[in-house]
Amino acid sequence: MKQLLSNLKGDKVIWSFLALLALFSFMPVFSASTNLAFGRDGDGNTLGYLVKHLAHLGMGFMIIYFVHKVPFHYFRVISRIGLPFVWGLLALTLFKGTHIGGANASRWLQVPFIGISFQTSSIAAIILYIYVARYLSKTRETPITFKLSIIELWVPVFITLALILPANFSTTALMFAMVVMVAFIGKYPLKYIGFIIGMAIAGLLLFFFIAKTFPDSKFFNRVGTWSSRIENFRSDKPGEDDYQIEKAKIAIASGNLYGLGPGKSVQRHFLPQSSSDFIFAIIIEEYGLIGGLLVLGLYLLLLFRFVIAAHKATTLFGKLVVISLGFPMIFQALINMAVAVELLPVTGQTLPLISSGGSSIWMTCFALGIIINVTKKEEEIEQEMKEAAQREEALQKLIDKQLEEDQHTETDNYSIQDSSKNPMDAVINK
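Residues numbered from 1 in each chain as written. Predicted model: local features only at pLDDT ≥ 70, side-chain atom pairs only at ≥ 80, totals over all residues. Heavy atoms only, no water.

Participant: Would you explain the overall build of the protein in this entry?
Facilitator: A tally of helices and strands in the protein yields 15 helices and 2 strands. When contacts within the protein are restricted to residue pairs at least 6 apart in sequence, those whose partners lie at least 24 apart make up 71%. A total of about 23,200 Å² of accessible surface is found on the protein, and carbon and sulfur atoms cover 66% of it. (Helix = DSSP H or I, 4+ residues; strand = E, 2+ residues; numbered from the N terminus. Contact = heavy atoms within 4.5 Å. Areas by Shrake-Rupley, 256 points an atom, 1.4 Å probe, with all protein chains shown as cover.)

Participant: Teacher, can you tell me more about the nonpolar core here?
Facilitator: Grouped burial of nonpolar side chains is what soluble globular proteins tend to show. Core analysis: the largest hydrophobic core is formed by 99 residues, its most contacted members being Leu136, Trp154, Tyr188, Tyr299, Phe306, Leu325 and Leu351. If near-sequence neighbours (up to four positions away) are discounted, Tyr299 is found in contact with Leu21, Ile330, Ala333, Met337, Leu351, Pro352 and Ile354. (Core = buried A, V, L, I, M, F, W, Y, C linked by side-chain atoms within 4.5 Å. Buried < 20%, exposed > 50% of the residue type's maximum accessible area, 1.4 Å probe, protein only.)

Participant: How should the packing of helix 2 (residues 12-32) against helix 4 (residues 46-67) be read in this particular structure?
Facilitator: Each pair of packed helices can be summarised by the angle the axes make with each other and by the distance between the axes. With their axes 9 Å apart at the nearest point, helix 2 and helix 4 run at an angle of 165 degrees to one another. Considering the angle they form, helix 2 stands roughly antiparallel to helix 4. Of the two possible hands of crossing, helix 2 and helix 4 adopt the one that is right-handed. Across the interface between the two elements, Trp15, Leu18, Ala19, Ala22, Ser25, Phe26, Val29 and Phe30 from helix 2 touch Thr46, Leu47, Leu50, His53, Leu54, Leu57, Phe61, Ile64 and Tyr65 from helix 4. Residue composition of the contact of helix 2 with helix 4, by class: 14 nonpolar, 3 polar and no charged. (Axes fitted to C-alpha atoms, helices over the stretch in contact; angles between N-to-C directions. Parallel < 35°, antiparallel > 145°, perpendicular 65-115°, else oblique. Left-handed = near helix turned anticlockwise from the far one by under 90°. Nonpolar A, V, L, I, M, F, W, Y, C, P; charged D, E, K, R; others polar.)

Participant: Could you clarify how one ought to interpret the packing of aromatic side chains in this entry?
Facilitator: Geometry of an aromatic ring pair is reported as the spacing of the ring centres plus the angle between the planes. This model, assessed by the stated rule, comprises 12 aromatic pairs. Taken together, a centroid distance of 5.7 Å and an interplanar angle of 50 degrees make the contact between Phe146 and Phe195 tilted. Here Phe146 is found in helix 7 (residues 146-164), whereas its partner Phe195 is found in helix 9 (residues 190-213), with 49 residues between them in sequence. Overall, Phe146 belongs to the partly exposed group, its relative accessible area being 23%. Their ring planes at 35 degrees and their centres at 6.3 Å tell us that Trp154 and Phe158 sit as a pair that is tilted. Taken as a pair, Trp154 and Phe158 lie in helix 7 at a separation of 4 residues, close to a single helical turn. The exposure class of Phe158 is partly exposed, given its relative accessible area of 24%. Through successive ring pairs, a cluster of aromatic residues spans Phe146, Trp154, Phe158, Phe176, Tyr188, Tyr192 and Phe195. For Arg76, the ring lying beneath its charged end belongs to Phe317, and the centroid distance is 4.2 Å. Over the face of the ring belonging to Phe270 we find Lys247, whose NZ or CZ atom lies 5.0 Å from the ring centre. (Phe/Tyr/Trp six-rings, centres within 6.5 Å; stacked < 30°, edge-to-face > 60°. Lys NZ or Arg CZ within 6 Å of the ring centre and 35° of its normal.)

Participant: Looking at this structure, I do not really get the pattern of salt bridges. What am I missing?
Facilitator: Pairs can form between side chains of opposite charge once their charged atoms are near each other. Scanning the entire structure with this criterion turns up 4 salt bridges. Between Glu152 and Lys138 there is a salt bridge, with its nearest N and O atoms 3.6 Å apart. Remark: Lys138 occurs in the loop between helix 6 (120-136) and helix 7 and Glu152 occurs in helix 7; sequence separation between them is 14 residues. Each of the salt bridges in this network shares a partner with another, and the network as a whole consists of Glu246, Lys249 and Glu342. (Salt bridge = Lys/Arg side-chain N within 4 Å of Asp/Glu carboxyl O.)

Participant: Is there a simple way to think about the side chain of Lys376 in this case?
Facilitator: Here Lys376 lies in helix 14 (residues 359-413). Residues contacting Lys376, with those up to four places away along its chain left out, are Lys9, Gly10, His68, Lys69 and Val70.

Participant: I keep staring at the packing of helix 5 (residues 74-96) against helix 6 and nothing clicks. Help me out?
Facilitator: Running from amino to carboxyl end, helix 5 crosses helix 6 at an angle of 145 degrees, the nearest separation of the two axes being 8 Å. With respect to the hand of their crossing, helix 5 and helix 6 are arranged in left-handed fashion. Contacts between helix 5 and helix 6 pair Phe75, Arg76, Ile78, Ser79, Arg80, Gly82, Leu83, Val86, Leu89, Leu90 and Thr93 from the former with Thr120, Ser121, Ala124, Ile127, Leu128, Ile130, Tyr131 and Arg134 from the latter. Residues of the contact of helix 5 with helix 6, tallied by class, amount to 11 nonpolar, 5 polar and 3 charged.

Participant: I keep staring at the side chain of Ser355 and nothing clicks. Help me out?
Facilitator: Among the secondary structure elements, Ser355 is positioned in the loop between helix 13 (316-340) and helix 14. Reaching out from Ser355, the side chain makes a polar contact with the backbone oxygen of Ser276 at a distance of 2.7 Å. A polar contact is formed between the side chain of Ser355 and the backbone nitrogen of Leu351, at a distance of 2.9 Å. If sequence neighbours within four positions are ignored, Ser355 has contacts with His53, Ser275, Ser276, Ile279, Thr350 and Ile361. (Polar contact = N/O pair within 3.5 Å; in protein donor to acceptor, adjacent residues only side chain to side chain.)

Participant: Would you explain the environment of Ile330 in this entry?
Facilitator: Checked against the element boundaries, Ile330 lands in helix 13. Put simply, Ile330 and Phe306 are 24 residues apart on the chain and 9.9 Å apart in space, counted from C-alpha to C-alpha. Those residues in contact with Ile330 that sit more than four places away from it in its chain are Tyr299, Leu302, Leu303 and Phe306.

Participant: What am I meant to see in helix 13 here?
Facilitator: The α-helix advances 3.6 residues per turn, and as a result positions three or four apart in sequence lie on the same side. Across its 25 residues, helix 13 extends 36 Å between first and last C-alpha, which sits within 8% of the 36 Å expected from 1.5 Å per residue. Extensive coverage of helix 13 is indicated by the burial of 21 of its 25 residues. Once helix 13 finishes, Glu342 follows within two positions and takes phi at roughly 65 degrees, a positive value. (Expected span 1.5 Å × (residues − 1).)

Now the structure itself:
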């Protein structure tokens with residue numbers, strides 16, 4: 001165990017927070033899985049869901065370990081090569097997507113012969129964030145121009161978002177907001193950012209106009225769901241999502257300060273997404289307001305650690321990668337919590353590292369592996385500087401020792417005192 005821990009490089013505090021979140025997730029997932037175990041397609045075996053969650057987390061931490069060993073500069077090339085590949089996956093998902101637990105078919109893609117399904121927008125977000133960080137950190141002889149940046153930066157961004165938008169508006173909005181934030185931090189001209197936001201709003205309005213013109217099209221079948229969710233959130237009209245929100249609010253109200261206790265949730269039997277989208281409500285019901293605040297505190301501490309890691313990074317690319325991959329993770333957690341307490345409409349965003357699910361955990365761990373890789377690079381630089389200082393100190397000691405020996409030798413062999421009987425001994429000895 002000690003040898004394994006010694007092989008973990010990078011920020012140890014981030015490693016610790018990830019371990020705490022993962023360990024805490026087992027109890028809520030095990031408790032909330034009764035909804036799935038005794039549901040329509042369940043067999044009543046809750047232990048199987050716990051083992052499955054353990055396997056997902058185990059695979060996730062293996063991903064973190066192997067990714068944080070990859071040389072950091074490789075991700076520059078991966079983002080550039082991987083973006084066209086991601087576009088192909090997103091387009092294939094739109095046409096060949098599969099249903100997962102009632103989710104929209106255009107979000108999930110099933111791997112042939114293996115049977116594993118994954119959400120292609122998750123890997124697209126990671127590749128896109130790294131691509132944006134790579135572009136903004138490039139060394140240029142001339143300043144960024146709007147015309148050139150449209151072609152090299154924003155066209156790839158809008159292509160990626162356009163392929164995700166028909167199936168997942170919340171993910172598209174989150175990704176666009178994060179890209180704009182990274183562009184601002186990367187000192188992209190503010191006046192250009194205003195034009196980009198205006199173009200994005202115009203494109204979104206055009207999308208809704210086309211959706212209203214062709215309401216029966218497969219690519220626009222989610223627009224009605226988004227509109228109804230926003231309308232129900234604003235007007236408090238009863239709807240399908242209101243059932244989940246009401247049950248989540250009952251769970252939160254039942255938790256009080258200390259909660260009902262681990263495994264004693266009542267609303268887990270009624271919440272359709274109790275182990276994923278609304279797991280935060282189950283956490284508060286079982287662990288009370290104190291448990292909910294502790295989970296929120298862990299995410300905020302992780303955000304604070306991301307800020308420190310970005311500040312310590314010696315390259316602009318490293319800073320932007322930490323921000324572009326770390327901040328969306330925290331914002332996703334805050335959105336999940338806000339939905340559970342009805343501060344936001346239902347979005348379908350999971351709670352990172354706590355909600356059950358395979359691809360969401362793996363993609364989160366992939367992003368975390370890259371972040372830790374950045375901190376490992378800075379750790380290696382610091383270690384190299386420390387070793388160089390030690391070598392210089394050791395060399396200086398050797399030089400001082402040699403000078404001291406030479407001084408003693410001169411004193412012994414080059415004395416001008418004539419203590420011998422022969423007056424020529426001083427010259428002869430020399």
